[in-house]
Amino acid sequence: QTSALNFELPVLNALVRNTVWGQKANVMSGVPTDCPNRDERRGWTGDAALTAEEASYAFGMGAVYTRWLDQFEDEQSPTGAV
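Residues numbered from 1 in each chain as written. Predicted model: local features only at pLDDT ≥ 70, side-chain atom pairs only at ≥ 80, totals over all residues. Heavy atoms only, no water.

A. Representation of the packing of aromatic side chains. Considering all chains together, one arrives at 2 aromatic pairs under this definition. Ring geometry for tyrosine 65 against tryptophan 68: centres 5.9 Å apart, planes inclined by 70 degrees, an arrangement best described as edge-to-face. In this pair, tyrosine 65 and tryptophan 68 both sit in helix 3 (residues 62-75), 3 residues apart, roughly one turn of the helix. In terms of burial, tyrosine 65 and tryptophan 68 fall into one category: buried. With a centroid separation of 5.0 Å and 85 degrees between ring planes, the pair formed by tryptophan 68 and phenylalanine 72 is classed as edge-to-face. Highlighted residues: tryptophan 68 and phenylalanine 72, both in helix 3, separated by 4 residues, approximately one helical turn. Assessed through its relative accessible area of 22%, phenylalanine 72 is described here as partly exposed. Three or more aromatic residues link up through ring pairs in this structure, and these residues are Tyr65, Trp68 and Phe72. (Phe/Tyr/Trp six-rings, centres within 6.5 Å; stacked < 30°, edge-to-face > 60°. Helix = DSSP H or I, 4+ residues; strand = E, 2+ residues; numbered from the N terminus. Buried < 20%, exposed > 50% of the residue type's maximum accessible area, 1.4 Å probe, protein only.)

B. Here's a closer look at a negative patch on the surface. There is a patch of like negative charges on the surface, built from Asp70, Glu73, Asp74 and Glu75. Of note, glutamate 75 is situated in helix 3. (Patch = residues over 30% accessible without salt bridge, like charges linked within 9 Å, V, L, I, M, F, W, Y side chains within 5 Å. Areas by Shrake-Rupley, 256 points an atom, 1.4 Å probe, with all protein chains shown as cover. Salt bridge = Lys/Arg side-chain N within 4 Å of Asp/Glu carboxyl O. Lys, Arg positive; Asp, Glu negative; His and termini not counted. Charge placed at Lys NZ, Arg CZ, Asp CG, Glu CD.)

By themselves these figures say nothing about function.
Here it is, written out as structure tokens:
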């Protein structure tokens, strides 16, 4: 973790803790996943698009997302499908 936030309001600190926990569960495998606790552990672009900015600030994930997007580009068909 490369950054942290602390607030005077406990509810905001709980929100930050939950966000960090979710990022660790879903992104730290190196492949952003839809839901790590069910059989939906495949890479998923929708959730990553919503959380990539936060993960980059909190965990310095720039290199991970760059590699991930390069892999998508490598696997993309001429029609754009992945």
